[in-house]
Amino acid sequence: MENTVIRYLNPFSTGSLEDKLFRLGVLCFLITCLLGIIQNLFVETNPLTYYIYLAGVVIFGFIYYRSMTVSIKIVGKAFFLIVAAVLISVGYFLKGGITGSEVLLFPLFIVLGFLFLSAKRYLYFVIGVAILIVALFVVEMLFPQYITGQSTFDVKQRNFFSALFLLSSISGITMYFFRKYYDQERNKSEENQEALEGMNTLLRKVSDEALTATKAKSEFLASMSHEIRTPLHGIIGMTDILKETELSEEQADIVDSVKVSGNILLNIINDILDISKIEAERFELTEAKFDIRKTLNEVLSVVRPKTSEKNVDLTFTISKNVPKNLLGDENRLKQVLLNIAGNAAKFTSKGFVHIELKSKETEEPDLVVLEFNVVDSGIGISEENLKNLFDPFFQEDKVRHNNMGGTGLGLAITQKIVDLMKGKITVKSTEKLGTTFTVVVPFKQDNSEDEVETKPTAASGLDPIRSDLRILVAEDFEINQKVIRMMLEKLGLQADYAVNGREAIEMQRKSSYDLILMDIQMPEMDGIEATRLIRAEGTSKLDPVIIAMSANALNSDQDVAFVVGMNDFISKPATLNKVHEVLKKWESPN
């Protein structure tokens, strides 16, 4: 009960700012009427004023009570102002007109209207009050008989004093509460501003920490990639060379197993680097001409061994309206198809894997939209797991994880690549019946008559390279030196070897090599600094072709290599075919 009294006596206890200020205004008029009744007990005046004040107490008391529980709309506020104006106007005639004490309530009326009216409505209100004052004065001048004068000068003084005291007190108290509330709101605003600035500072700090963490993660992955690729280059390179020698059936099988394991490890490293580059928004697509049918055949040649060993039929169909040559990123398209078709072969133990390629019509003549459908009769995917299929590191179940292997990154990367290519990937599946992946990707058509260059696929039968090429290999890792030496010997080439960038510079000064295979990370002086110095010195002869041969596989590493003057880039681990391809490209002087 006590809380209720305090609540009703406090106009600021509830509601919005406008409601609180309106209640303050109503309370001021209610107090004015109450004090008017008390005043009339001591000052002789017209008995009618008792009824006016009493009516004011009843009306303003009711409005105040309602405003504590209900938000008063503009109609209610207008009603209050009209009632107040009427009561003041009646009092104007009963208390001596313009020379009476009632005129002092008009400034109070103006002050209270300021509290809860909007700027536009308050302007109209002030104009209305001004018109009312003028109208009352005109009526007084035209009809002075309507004015009830004060009985004596002493009564007039007391009425005027009471009204002045009431006006000053209520105006002062009203403005005090208004200023107090204003200061509270301003302090809250300043505190909120400080809190907001603190939150912004915290967010900037968190953002900086996140960027630092992302940078550290990228640097860590790049470093780990380099450290893993360096010995992996020896493993894959040596197995590649060993495969070209005479081997028994059992030895050839062992070599194939080693090479497959090495390639699996390389794919895992590449997946981790790809997802890192995607997260860092450093994943880029290239555009070059390629033959889509040859691309699909290469994908099938990789997937076919997986299906053949399980007697799973691998088939494909290509619609006649699919153009031959396209412009786009062939390697990333292969990555998408190999991920999907590879999964289909992995999770299909009997039945079939079918790849369908067809072209969809577009309004642009130079644009073609290809639709790839990879359908299998494998174990399928549950409806629940379909929702998370493209999440990084997601694997459908422990059975797949334990028996099938993989990082769980392939499909996440696949979706990101398709998104970057402005395409779409969808999947439909039924458990124990099979799965269908659909990839829709736009490409530009290339109608030029130039044939797409076909790259060699085996070491045997490679085009010969100039045997008189003077080659320098800058490589600090002994096993990788041996791998490169054996590759070059397979290609009928000889080379000199340096173990760091400083030694490579000295040997170049003495012998002026035609071509330098330059590792990036080496002790004493790395390949970037060595290349920069070689290009800065220049020679009277033709500058050497410098080819980076590095386990640093990020695009940024390649960009730095080209900026300092390197001509080409071979990522480790490199195959014999890749080394042949690059050397053949640069065997002739520019």
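A quick note: this is a predicted structure, and the numbers were derived from the prediction, not measured. (Residues numbered from 1 in each chain as written. Predicted model: local features only at pLDDT ≥ 70, side-chain atom pairs only at ≥ 80, totals over all residues. Heavy atoms only, no water.)

### Quick look at a negative patch on the surface
Thought 1: Taken together, the side chains of Glu190, Glu191, Glu194 and Glu197 make up a negatively charged region of the molecular surface.
Thought 2: For glutamate 191, the position within the fold is in helix α7 (residues 153-243). (Patch = residues over 30% accessible without salt bridge, like charges linked within 9 Å, V, L, I, M, F, W, Y side chains within 5 Å. Areas by Shrake-Rupley, 256 points an atom, 1.4 Å probe, with all protein chains shown as cover. Salt bridge = Lys/Arg side-chain N within 4 Å of Asp/Glu carboxyl O. Lys, Arg positive; Asp, Glu negative; His and termini not counted. Charge placed at Lys NZ, Arg CZ, Asp CG, Glu CD. Helix = DSSP H or I, 4+ residues; strand = E, 2+ residues; numbered from the N terminus.)

### Observations regarding helix α4 (residues 74-94)
Thought 1: With 21 residues, α4 should cover 30 Å at 1.5 Å per step; its first-to-last C-alpha distance of 30 Å lies within 8% of that length.
Thought 2: One or two residues past the end of α4 sits glycine 96, with phi positive at roughly 90°. (Expected span 1.5 Å × (residues − 1).)

### Here's the deal with the sheet that holds strand β12 (residues 568-571)
Strand pairing in a sheet takes place through backbone hydrogen bonds and is either antiparallel or parallel in direction.
Thought 1: With respect to topology, 5 strands assemble into an open sheet ordered β9-β8-β10-β11-β12, the strand pairing being parallel. This sheet does not close on itself; its edge strands, each paired only once, are β9 (495-498) and β12. Across the sheet, the mean angle separating the axes of adjacent strands is 20° when strand polarity is ignored.
Thought 2: Sheet topology note: the strand β10 (residues 515-518)/strand β11 (residues 545-550) ladder contains 4 bridges and is parallel. In the strand pairing of β11, leucine 515 is matched with valine 545.
Thought 3: Packed on one face of the sheet, helix α15 (residues 501-511) meets β8 (471-474), β9 and β10 and runs near 140° to β9.
Thought 4: Packed on one face of the sheet, helix α16 (residues 527-537) meets β10 and β11 and runs near 155° to β10. (Pairing = 2+ DSSP bridges. Axes fitted to C-alpha atoms, helices over the stretch in contact; angles between N-to-C directions. Contact = heavy atoms within 4.5 Å.)

### Structural notes on the packing of aromatic side chains
Thought 1: The full count for this structure, using the stated rule, is 11 aromatic pairs.
Thought 2: With a centroid separation of 5.6 Å and 80° between ring planes, the pair formed by phenylalanine 22 and phenylalanine 80 is classed as edge-to-face. In this pair, phenylalanine 22 sits in helix α2 (residues 17-42) while phenylalanine 80 sits in helix α4, placing the two residues 58 residues apart along the sequence. Considered together, phenylalanine 22 and phenylalanine 80 belong to a single accessibility category, that of buried residues.
Thought 3: Here the aromatic rings of phenylalanine 29 and phenylalanine 80 are separated by 5.6 Å at their centres, their planes lie at 85°, and the arrangement is edge-to-face. Of this pair, phenylalanine 29 sits in helix α2 while phenylalanine 80 sits in helix α4, and the two are 51 residues apart along the sequence. For the pair phenylalanine 29 and phenylalanine 80, one class covers both residues: buried.
Thought 4: Here the aromatic cluster, defined as three or more aromatic residues joined through ring pairs, consists of Phe22, Phe29, Phe60, Phe80, Phe109, Phe114, Tyr122 and Phe125.
Thought 5: Sitting above the plane of the tyrosine 497 ring, arginine 485 keeps its charged end 4.5 Å from the centroid. (Phe/Tyr/Trp six-rings, centres within 6.5 Å; stacked < 30°, edge-to-face > 60°. Buried < 20%, exposed > 50% of the residue type's maximum accessible area, 1.4 Å probe, protein only. Lys NZ or Arg CZ within 6 Å of the ring centre and 35° of its normal.)

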